[in-house]
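Notes for the structure review
Here is how the chains run, residue by residue.
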Amino acid sequence: MERNPMRRQLQVMRKSLFDQGYLDEQFVQLEELQDDANPNFVEEVVTLYFRDSARLILNIEQALERKPFDFNKLDGYMHQFKGSSSSIGAKRVKAESTLFREYCKSGNGEGCMRTFQQLKKEYATLRKKLEAYFQVARQAGPMETACRPK
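Residues numbered from 1 in each chain as written. Predicted model: local features only at pLDDT ≥ 70, side-chain atom pairs only at ≥ 80, totals over all residues. Heavy atoms only, no water.

The test is simple: UniProt positions are given in the numbering used here, feature names are shortened, and annotations may be inferred rather than shown by experiment.
Going by the annotation in an unreviewed UniProt entry, the name recorded for the chain is Histidine-containing phosphotransfer protein, with Hibiscus syriacus given as the source organism. Database annotation for the chain, UniProt heading Function (unreviewed entry): "Functions as a two-component phosphorelay mediators between cytokinin sensor histidine kinases and response regulators (B-type ARRs). Plays an important role in propagating cytokinin signal transduction."

Some words on the UniProt feature "modified residue: Phosphohistidine" (unreviewed entry) in the chain
As a reminder, the rule being used: A helix here means a DSSP run of H or I that spans at least four residues, while a strand means a run of E at least two residues long, and both kinds are numbered starting from the N terminus. Each residue's exposure class comes from its accessible area (1.4 Å probe, protein chains only) as a fraction of the maximum for that residue type: buried when under 20%, exposed when over 50%, partly exposed otherwise.
Sites flagged by UniProt as "modified residue: Phosphohistidine" (unreviewed entry) map to His79. Here His79 shows up in helix 4 (residues 71-88). Judged by relative accessible area, which is 48%, His79 ranks as partly exposed.

Quick look at the side chain of Arg101
Using the following cut-off: By the convention used here, residues are in contact when the closest approach between their heavy atoms is within 4.5 Å.
Mapping Arg101 onto the fold places it in helix 5 (residues 91-105). Excluding anything up to four places from it in sequence, Arg101 contacts Asp75, Met78, His79 and Lys82.

Examining the environment of Arg7
Note the threshold: The term polar contact refers here to a pair of N or O atoms within 3.5 Å; inside protein, the definition further demands a hydrogen-donor-capable atom paired with an acceptor-capable atom, and it admits residues adjacent in sequence only when both atoms are side-chain atoms.
Among the secondary structure elements, Arg7 is positioned in helix 1 (residues 5-19). Distance in space between the C-alpha atoms of Arg7 and Pro39 is 15 Å, their sequence separation being 32 residues. Engagement of the side chain of Arg7 in a polar contact is seen with the backbone oxygen of Ala140, the distance being 3.4 Å.

Focus: the side chain of Glu43
Residue placement: Glu43 occurs in helix 3 (residues 41-65). Among the residues examined, Glu43 registers a relative accessible area of 18% and is labelled buried. Sequence-distant contacts of Glu43, that is, excluding residues within four places in its chain, are made with Phe134 and Arg138.

Points about the environment of Gln20
Along the polypeptide, Gln20 turns up in the loop between helix 1 and helix 2 (25-33). Gln20 sits 24 residues away from Glu44 along the chain, and the two C-alpha atoms are 23 Å apart. Excluding residues that lie within four positions of it along the chain, Gln20 makes contacts with Arg92 and Lys129. Reaching out from Gln20, the side chain makes a polar contact with the side chain of Lys129 at a distance of 3.4 Å.

Re the packing of helix 4 against helix 6 (residues 109-140)
Stated precisely, the cut-off is as follows: To get an axis, fit a line to the C-alpha atoms, keeping to the stretch in contact for a helix; angles then go from 0 to 180 degrees between the N-to-C directions. Angle categories: roughly parallel below 35 degrees, roughly antiparallel above 145, roughly perpendicular from 65 to 115, and oblique for all the rest. With the far helix as reference, a near helix turned anticlockwise by less than a right angle produces a left-handed crossing, and one turned clockwise produces a right-handed crossing. Side-chain classes are defined by residue name, with Ala, Val, Leu, Ile, Met, Phe, Trp, Tyr, Cys and Pro counting as nonpolar, Asp, Glu, Lys and Arg as charged, and the others, Gly among them, as polar.
Running from N to C, helix 4 and helix 6 point in directions that differ by 25 degrees, and their axes come no closer than 13 Å. In this view, helix 4 runs roughly parallel relative to helix 6, as classed from their interaxial angle. Remark: the crossing between helix 4 and helix 6 carries left-handed chirality. Contacts between helix 4 and helix 6 involve Phe71, Met78, Phe81 and Ile88 from the former and Gly109, Cys112, Phe116, Leu119, Tyr123 and Leu126 from the latter. In the contact of helix 4 with helix 6, the residues fall into nine nonpolar, one polar and no charged.

Pasting the structure below:
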């Protein structure tokens, strides 16, 4: 068992992110790319994700304000957003993105609107949880090698 209380808190937070379905295996793969030469790699990638995806969310919001909906454009934006979300292991966000794209393909504007609201909630929650996680990680100091969640 971890003796450092900050390290222990970090382990509990990380396990919770997986147990609650916020993150998937892709996040572990990112962690495996982190090393002594780039100790903040995962945080940097996640920070870039949130910065870049904010633009896509804005594009989707603007497209949803225009009637009639351009489902091809909406699907294109969401395709990009889903890919970015998948790359950091954002499991719940990716699931909502998949559902949104299904609604686009079936021409269901109401489904798109509803799903997009849920997606934004999942996205905001993930952002808040990961910001807290990385704050504790910075306080705890350098981490040992990544391991699969139990």
